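Reading the structure
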Amino acid sequence: MKLKIFVSLLTFLSYASSITIGRDGGYRNIVVKIGDNVPEDDCHKYIQNLKEMLTEASGVLNEGLERRVYFAQITLVLPSYWRDARCHMSVPYPASGVAYQFQEWSKYRYGVFDEHGYPNDPLYPNFFKIQDKILPTGSYDTPVLGVWLHPNGSEGCSPASGSCYFNPEGENDAVQCSLGNMPFLPGVKSWCPTDDRMLMSPSKHNILCGARSAKTVILNNPDFAELSGENQLQRSLIPRFDIVREPLPKYVLIMETSSALADVWKWVRKSTQNLIRYEVPDNSNLAVVTFNSDSRVEHRMVQLTMESVRSRMADTIPDSPNKLDTSTEGCVTCGIQVAMEQVLKDNEAGGHLIIITKETENSLTNIQEQNIETVISNFGVRVSSIVLAGQRQNQFYETIAASSGGVYKRISGTSNLMEMYSDFIEAMRDVVAKDTKDPNNHPLTVYRQFIYRQDSEPTVGAFDIDATLGRQTEFGIYVEDDEDHQIKSVEFSDVDGNVYGPFSKMSSSFDVVNFKTINFNVGEEPPFDAKRGTRWEYKIEWYDINERRENVVTVRSRPSQPSETGLIHVSTWTNLEEPDNLLAVYVKVWRGDSPVLNARVLIDLEIEVDSEDILQDISEEQRTAFKDLLLTDNGFGEPDIVAGDGVYSRYITNYPTTGKYKYKVRVDDNNDLAMTVTPGPATVYKPPKVGINTCCGSRIPIPADRKEKIGLFRRTIDGPSITISNLSPSGDHIRPGKIGDLEIRVIEHQQLMARWTAPGDDFNDGEVMTYRFVFSQKIEELITPSTNAPALDGLKRNDTSGERVNHVINFEYYGQDYYVGLYASDEAGNKAVMSNIVLVNVPPPPAPTDDSGLILPSSNILEDTTDWAMVGGIIGGVAVLLLLLLLGLYFHFCRTRSKFSKAMFASGLKNSGVKVQIPSPPGSENTDSSSYESDMKGATSNHLVAGIQHPKISSTSFANNLTPTYWSASQLLSEHDARRRDEDEEVDGERGYPDVINYNPSNNYGGYYQEQFYDQYNTRRYSTASRDQGYQVYGGVGYRPEYGTTGYWNLDQENLGYGNLDQGYGNLDHGYGHQDTRDYIVDPGLNKSNQRLVNSDLSSSTLGITNPSLHGSQLSLSSSRLQAKNRNITQV
């Protein structure tokens, strides 16, 4: 139960950059936030369960990583509207802020993946085969008992023929390292280390991490670099819990008022007035601070409850450039200091600083930047930066915005004034959207177009209102002069040809911010809200002018229903936090809580160059070449991990120069192909009792009846700035893309048809040069990058990335399982990673038949081409060899009988655990016991295990003080020969079973033999001597990659439990680790049918001697761990 709880924690979210780890290994500043949509009725239960779960998870994390780390401090954040009465406690607001940007713990903190497979997954299947036997994909250190289940929970499912789920059942307490696979097993305590004895299976982690174990990846994380390892036994693993209420946002607008902004102050001021008057939600808290060479509070923190409050605050901003300070640089640290000490003092929770400034050469020193970072980190406030671009970019503003969960926008100062003004307004809207608690009423900008005109020619355009919007849609035009706006009329038309307008009356409601909207008559509604999910066209007529004018057309719309949760959200990020990585761009497209499938996601990448010298060296084509770059959601792992999760991605492989880049994301419905998942039960189904997680491998399986089309939609967002500090050395150093959809089918006997999608030379860009197929019966040869699998076929051809390729392969092997993979190479010799691996088994060709259907003999038998001379020579040679062999055997047995050693026989008796003394009859030669003892000094022991010290017979022993039994010489010789024959048969036996007493070949002692070797196909149950009936044993410690083809055991006394590395697959350890053969305890009653009584003189009252006991008694007496009832002592 505890490990299942720990895995649940892995999906809990915590902000990576704010989490700290002490030298004691304690993680602090972990934030667990309960969503706003969770009802408050069971508040106290949520809190109690979370505390118990996280406390137990701390212990499991500590044990799983060898007591290195644990959870020291966790903050639980409750929704702001939850009442204290429901929570059975007084929930305070935090004294300082809390960061809320999140990511999964173990996968993104440590970089590991699931160590198991998934049903019907082409890249990470949940089974693999060895020697016609099926094994479950996973990581474990000892064999696992379990069954394969159908989706309905019934047993007997064959994974190779359908959707099957492996369910561990039975005594699996010996499994100790399977946190990434079977964490719910009671004995599991850690991740498995890298070990050649472990099975190398096609798990998601093994494929994506190049066969490195999860534990190796975890321990290479920087978290473990400087741990002290002290006081591990004394420290408490119980985290300290801080329970707080999510605070409402408190905005502090920090504006620069230096003369550096004089040229654009009119539009900066109007954009901030638009923020205060129209954008900040009602009842929000807002204050205004200005800074130049100094700083002051323009308006204290107040709640925006009425329009008059908004107006008074907006009017506190200087209304003219003449009122700006004469200094040319602003003191940003001064503004932040005043905001923290005079506005947010002792009430920092929920603080959101909005900095508006212009980049200058020396605006911030390194010490000032460090001080700002310290303040933001200590008080947990959020910082958003809206920066007017200068000659050289200051990366610091973007850094503090990203680290605190804020917004960063860099606005070009060289662009047209109206476009710059519109950019400021959109940036401030994005800041507010970051904190919105009511997304269903938050308007979205769906269209924005800059217009430059010098005449009265009409302006035409088109915009889309998608199916999720269409309420209070607003069409507006930003103008340079709110009085002389030059707008004559506006006309609209829909896709059906209906015309609306022309509308000639413009509203003055937003003149203060130079925004003109249509003044509809009383009772008249805009036409856009009547039709959702459609395209609209507009035409703007202008009055005649003889001067240059700039305008920006925008369309904003709210969700069609306030209660609707299916809103389309688009977000983007990159992998720039990972140093030295090839740049990857990610875009997430969701509608409500469901991913958007089949969307078209494009990015336009553009370089931001601050130096004119660099601009001269880059052509316009190079600066704008990265247009319409398509992102995919294919789950191949380069870089997209899971298909169908609504996350689209691609690598950027070519850059004209180093420097800053920016990109814009464009998403649309892909010509009505985009779909979403309808509400309903889980799309990934598994039987109720299956413990292994079944979602998600390389894709999310979504039934067709759960998909529905979204309809028309378009979204455009700006991505973060990207810094490319160095370019790849000259030459091609980027490998081709991975082939993730290889399909292979048998088309004829010994011919395969392979189909796949062509990758690019550099991932998805360009063309590859060659393909090579490889194959092996050992799947690890295709999984492990350092292993070169045998080549099967190759071809040279050039295909455009994305094209489908077909190729026929001649395959000379049939009747056995082979794994086939494919990889591409480019002209520079760069090799792609291995494709998805396909299991191939070509059936043997049918025997030829005549017209009546009778099977004909092979044609080579009918042809009389026999070389009789060669046959005669072979027969003669074989005859000579047989004659020499017979002579050798004759001399061997004659010599053995003539040199019978009394010491050998005495040694055999001594091996039985009973000391026998036989007096010498008259005329005999050296037959007393002392002679036997002296002969033993030079005799070879017949022990099963060398060097076993035999215990002395106690005075209370069963055999003590018994009258000795006298045997004749013929009895002794017959018994000796019989025992030697038995030993030879036992050593040369076909199975090579361990030499234990009463061994029953029908029982499975943890090894894997031919008839049930890794068997998971057969639905019948096999019984074992050491396990409950009904379970099967799967691969464990005994496995070695160097497996052969026979599957039999070759026991090695020095390495028991591992078998012959060229033949064995299993281990002889009951699945519980390494054991000596002396540890095997078998019921003595099992051998009754195998007993053989040695002939003896019945008149001498001699007890019968059972031959297997002569060996077994030695084994029993030599093991101190055997119970008394299992010790079989031969009585004489």
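This text gives an overview of the structure that appears in the document. Quick caveat: nothing in here was measured; it's all calculated off a predicted structure.

**Considerations on the sheet that holds strand S38 (residues 770–776)**
- Strand order in the open sheet made by the 4 strands is S39-S38-S41-S42, with antiparallel pairing throughout. With one partner strand each, in any of the chains shown, strand S39 (791–796) and strand S42 (838–840) form the two edges of the open sheet. Strand-to-strand twist in this sheet, taken as the mean axis angle between neighbours without regard to direction, amounts to 25 degrees.
- In the sheet, S38 pairs with strand S41 (residues 818–825) via 7 bridges, with the strands oriented antiparallel. Its bridge partner being in S41, Ser776 is matched across the sheet by Tyr819.

**Side note on the nonpolar core**
- In terms of nonpolar packing, the biggest core is built from 60 residues, with Tyr27, Leu65, Ile74, Leu76, Leu78 and Tyr110 touching the most fellow members.
- Per-element tally for this core: the top contributor is helix H2 (residues 43–64), with 8 residues.
- Other than its neighbours up to four places away in sequence, Ile74 contacts Ile30, Val32, Leu54, Pro239, Arg240, Phe241 and Asp242.
- Formed by 39 residues, the second largest nonpolar core is a distinct cluster that contains Trp265, Met313, Ile356 and Val513.

**Overview of a nonpolar patch on the surface**
- Judged by side-chain polarity, Met870, Ile874, Val878, Leu882, Leu885, Leu886 and Leu889 come together as a nonpolar surface patch covering roughly 680 Å² of accessible area.
- A relative accessible area of 56% places Leu886 in the exposed class.

**Focus: the packing of aromatic side chains**
- All chains considered together, the criterion is met by 32 aromatic pairs.
- Ring centres 6.1 Å apart and planes at 45 degrees place the aromatic pair Tyr447 and Phe463 in the tilted group. A residue pair is termed long-range when its members are at least 10 positions apart, and Tyr447 in strand S17 (residues 444–453) and Phe463 in strand S18 (residues 459–465) qualify at 16 residues. For the pair Tyr447 and Phe463, one class covers both residues: buried.
- Of the aromatic side chains, those joined through ring pairs into one cluster are Tyr447, Phe463, Phe475, Phe492, Tyr500, Phe503, Phe520, Phe528, Trp536 and Tyr538.
- Of note, Arg453 hangs over the ring of Trp542, and the distance from its end group to the ring centre comes to 3.8 Å.
- The ring of Trp590 carries Lys588 above its face, with NZ or CZ at 4.5 Å from the centroid.

**Digging into the packing of helix H7 (residues 265–279) against helix H8 (residues 307–314)**
- Close contact between H7 and H8 brings their axes to 9 Å; oriented N to C, the two are set at 170 degrees. Here H7 is positioned roughly antiparallel relative to H8, judged by the angle of their axes. For the pair formed by H7 and H8, the contact residues are Gln273, Ile276, Arg277 and Tyr278 on the first element and Arg310, Ser311, Met313 and Ala314 on the second.
- Each residue belonging to the contact of H7 with H8 can be placed in one class, and the counts come to 4 nonpolar, 2 polar and 2 charged.

The rules we used
- Residues numbered from 1 in each chain as written.
- Predicted model: local features only at pLDDT ≥ 70, side-chain atom pairs only at ≥ 80, totals over all residues.
- Heavy atoms only, no water.
- Pairing = 2+ DSSP bridges.
- Helix = DSSP H or I, 4+ residues; strand = E, 2+ residues; numbered from the N terminus.
- Axes fitted to C-alpha atoms, helices over the stretch in contact; angles between N-to-C directions.
- Core = buried A, V, L, I, M, F, W, Y, C linked by side-chain atoms within 4.5 Å.
- Buried < 20%, exposed > 50% of the residue type's maximum accessible area, 1.4 Å probe, protein only.
- Contact = heavy atoms within 4.5 Å.
- Patch = residues over 30% accessible without salt bridge, like charges linked within 9 Å, V, L, I, M, F, W, Y side chains within 5 Å.
- Areas by Shrake-Rupley, 256 points an atom, 1.4 Å probe, with all protein chains shown as cover.
- Salt bridge = Lys/Arg side-chain N within 4 Å of Asp/Glu carboxyl O.
- Phe/Tyr/Trp six-rings, centres within 6.5 Å; stacked < 30°, edge-to-face > 60°.
- Lys NZ or Arg CZ within 6 Å of the ring centre and 35° of its normal.
- Parallel < 35°, antiparallel > 145°, perpendicular 65-115°, else oblique.
- Nonpolar A, V, L, I, M, F, W, Y, C, P; charged D, E, K, R; others polar.

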